[in-house]
Amino acid sequence: MDTIVYVPLEPYKERYTAQMSAPGGWMEKNWERAGLNVLRVEGQALSPDQTIKTGVVLDAHGRSYWACSQVMALVKLLSEGQLDPRKHVIYFDVFWHPGISALPYIFHLTGVHIPMYAFLWAQSVDIHDFTYPMRHWLRPFEVGIGKVLSGIFVASTCLRDMCIYAGIGNEDTIHCVGLPYNSAEVKRAYFPQVLPEKKL
């Protein structure tokens, strides 16, 4: 594998996604430092101003529009034979992406399986999460998505343990990596008196 097919969240200015998911953002910088190539699968914005109108974390309508347009782009890449399981892995900024449930159908029928990974920010096993009231219909989807991903990244060991207990993955597939933020950049923004980041 030498190329990450990056499926970013829409970079909302009101949220962390503006820094994390935008072109040249935190995620891409980390992969470039690791010597990996990045192929972005951009989405289409429903609203030109890319503001959150319905929802708390992401815009309910805009997020779906963005993600579904990314699915179309991914399917096009697959149909044109541009993705190779020996060279590519697909990384979704979020576990709840329609591409994760759409692509396995193509993989099954074509025999071409590209490993898929995702970051799990929120899930219904946590009573404090906004998805918890949706758990009656959401949990079967979470368990199913966990079975088609090659790896799931989470921010805490607590979340990792809750997911394993709920059957959303296992000790081999769920990896605790902390939050995917550029901590030095965050510190400089909130604590400008902090010394510059040390060079390794």
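Quick caveat, the model's predicted, so the values are computed rather than measured.

Considering the environment of Leu74
Then step 1. Here Leu74 lies in helix H3 (residues 60–79).
Then step 2. Distance from Leu74 to Gly99, taken between C-alpha atoms, is 7.9 Å for residues 25 residues apart in sequence.
Then step 3. Among residues more than four places away in sequence, those in contact with Leu74 are Val5, Val7, Val41, Ile90, Phe92 and Leu103.

A word on helix H4 (residues 98–110)
Then step 1. Between its first and last C-alpha, H4 extends 19 Å over 13 residues, near the 18 Å set by a 1.5 Å rise per residue.
Then step 2. Among all positions of H4, only Gly99, Ile100, Leu103 and Phe107 are buried. What you see down the axis of H4 is that its buried residues fit within an arc of 90 degrees, all on one side. Away from its buried face by more than 90 degrees, H4 exposes Ser101, Tyr105, His108 and Leu109.
Then step 3. Once H4 ends, the next one or two residues include Gly111, with phi positive near 80 degrees.

What to know about the environment of Gly167
Then step 1. For Gly167, the location among the structural elements is in the loop between helix H6 (157–166) and strand E6 (174–176).
Then step 2. For the pair formed by Gly167 and Gly144, sequence separation is 23 residues and the distance between their alpha carbons is 9.2 Å.

Remarks on the sheet that holds strand E1 (residues 3–7)
Then step 1. The six strands are arranged E2-E1-E3-E4-E5-E6 in an open sheet whose pairing can be described as parallel. On the outer flanks of this sheet lie strand E2 (37–40) and E6, each paired with one strand and no other. Strand-to-strand twist across the sheet, computed as the mean angle between neighbouring axes with direction ignored, equals 25 degrees.
Then step 2. Relative to E2, E1 is paired through four bridges, and the arrangement is parallel. The residue bridging Tyr6 from the neighbouring strand is Arg40, located in E2.
Then step 3. Each of E1, E2 and strand E3 (88–92) is contacted by helix H2 (residues 26–33), which is oriented at about 175 degrees to E1, the strand it contacts most.

About the criteria used
Residues numbered from 1 in each chain as written. Predicted model: local features only at pLDDT ≥ 70, side-chain atom pairs only at ≥ 80, totals over all residues. Heavy atoms only, no water. Helix = DSSP H or I, 4+ residues; strand = E, 2+ residues; numbered from the N terminus. Contact = heavy atoms within 4.5 Å. Expected span 1.5 Å × (residues − 1). Buried < 20%, exposed > 50% of the residue type's maximum accessible area, 1.4 Å probe, protein only. Arc of directions from axis to C-beta. Pairing = 2+ DSSP bridges. Axes fitted to C-alpha atoms, helices over the stretch in contact; angles between N-to-C directions.

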